[in-house]
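# Per-entry structural report
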Amino acid sequence: MEIDPAHHLVGNSRGVLLAEPLAISAGFVVTPDRRLVIGCQADAGDSTPWILCVPEEAPGGVQVLGEPTRIDVRVDGAVDRWIARHGPLRELQLFALRIESVRCGGRVWDAEEVRLENPIAKGEAALLRKLNTDAAALTRMCERASGVRLERATAVGVDAWGLWIRGATTPIRIEFGGHAGDVAAAERAVAAFLQGEIP
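Because the structure is predicted, anything quoted here is derived from the model rather than measured. (Residues numbered from 1 in each chain as written. Predicted model: local features only at pLDDT ≥ 70, side-chain atom pairs only at ≥ 80, totals over all residues. Heavy atoms only, no water.)

Within strand 8 (residues 154-158), four of the five residues are buried, which leaves the element mostly enclosed by the surrounding structure. Relative to strand 9 (residues 162-166), strand 8 runs antiparallel, the two sharing four bridges. Looking at the pairing, glycine 157 lines up with tryptophan 164 of strand 9. (Buried < 20%, exposed > 50% of the residue type's maximum accessible area, 1.4 Å probe, protein only. Helix = DSSP H or I, 4+ residues; strand = E, 2+ residues; numbered from the N terminus. Pairing = 2+ DSSP bridges.)

Time to look at helix 4 (residues 135-146). Between the first and last C-alpha of helix 4 there are 16 Å, a value that for twelve residues agrees with the 16 Å anticipated at 1.5 Å per step. Buried residues of helix 4: Ala137, Leu138, Thr139, Met141 and Cys142, and no others. Of the surrounding secondary structure, the elements contacted by the buried residues of helix 4 are helix 3 (124-132), strand 8, strand 9, strand 10 (171-175) and helix 5 (183-194). Remark: glycine 147 follows helix 4 within two positions and exhibits a positive phi of approximately 80°. (Expected span 1.5 Å × (residues − 1). Contact = heavy atoms within 4.5 Å.)

One pass over the structure, following the stated rule, counts two aromatic pairs. For the ring pair tryptophan 50 and phenylalanine 95, a centre distance of 5.0 Å and an interplane angle of 65° mean the geometry is edge-to-face. One end of the pair, tryptophan 50, is in strand 4 (residues 50-54); the other, phenylalanine 95, is in strand 6 (residues 93-104), with 45 residues separating them in the sequence. Phenylalanine 95 shares its class with tryptophan 50; the two are buried. Geometrically, the ring pair formed by phenylalanine 176 and phenylalanine 193 is tilted, given 5.9 Å between the ring centres and 35° between the ring planes. Here phenylalanine 193 lies in helix 5 and phenylalanine 176 lies in the loop between strand 10 and helix 5, a separation of 17 residues in the sequence. You can call phenylalanine 176 buried: its relative accessible area is 9%. (Phe/Tyr/Trp six-rings, centres within 6.5 Å; stacked < 30°, edge-to-face > 60°.)

Let's shift gears to empty space enclosed by the protein. In total, this model carries one cavity of 30 Å³ or more according to the counting rule given. Here the largest cavity defines a volume of roughly 140 Å³. In terms of lining residues, the largest cavity is bounded by 17 residues, among which Val10, Val30, Arg81, Asn118 and Asp159 are the most central. Counting only elements with at least two residues in the lining of the largest cavity, the list comes to helix 2 (78-86) and strand 8. The class makeup of the residues in the lining of the largest cavity is nine nonpolar, three polar and five charged. (1 Å grid on protein atoms, 1.4 Å probe; cavity = no way out; pocket = protein on both sides within 12 Å on 5 of 7 lines; lining within 4 Å. Points joined across faces, edges and corners; volume = space filled by probe spheres on them. Nonpolar A, V, L, I, M, F, W, Y, C, P; charged D, E, K, R; others polar.)

In this section: the layout of surface pockets. Computed from the structure, the largest pocket encloses a volume of approximately 230 Å³. Together, Arg34, Arg35, Leu36, Thr69, Ala96, Leu97, Arg98, Ile99, Ala111, Glu112, Val114 and Leu116 line the largest pocket. Top contributing element to the lining of the largest pocket by residue count: strand 6, with four residues. Here the residues of the lining of the largest pocket sort into seven nonpolar, one polar and four charged.

So, in structure tokens, the structure goes:
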């Protein structure tokens, strides 16, 4: 089955960043305004272009080639999404990677073909509120869907393919089992999850 690079990027949160001469583990998020935002040490920004290999444990998987731009964490809303997913920045800097191409196996996608749009972005805040209203139900849902019991489970992201839930430490991904093309479809998928229906 052919991979969808956008789904692959949205559904992962860590990769291996190759920024000559560095090869480092890096957390990333895809923002509602379709940016790929990476947290890494400041001196990684001195080298371009970057290659982000996703997922982290398989550097030969999807490879994203792009040019980094440092983000001003004092004013850019991307920092809130990154912290919600990964925790405090500490000594890390945030960079937005302008995608030039994505490679997987023998295929290469141009930037225009990698569509990171989130069709449910406008409804995400309401869906997160719904998910986080009942912490016990969210914890049970996570355990049913992933087999992982999270301490202090909090929903931190919803997109067309699934959910991001963060516990006391690392985030976990729960997939819908299909593509939610609009807010109403995502609402149905979330309601089904909360009722115990796991795809």
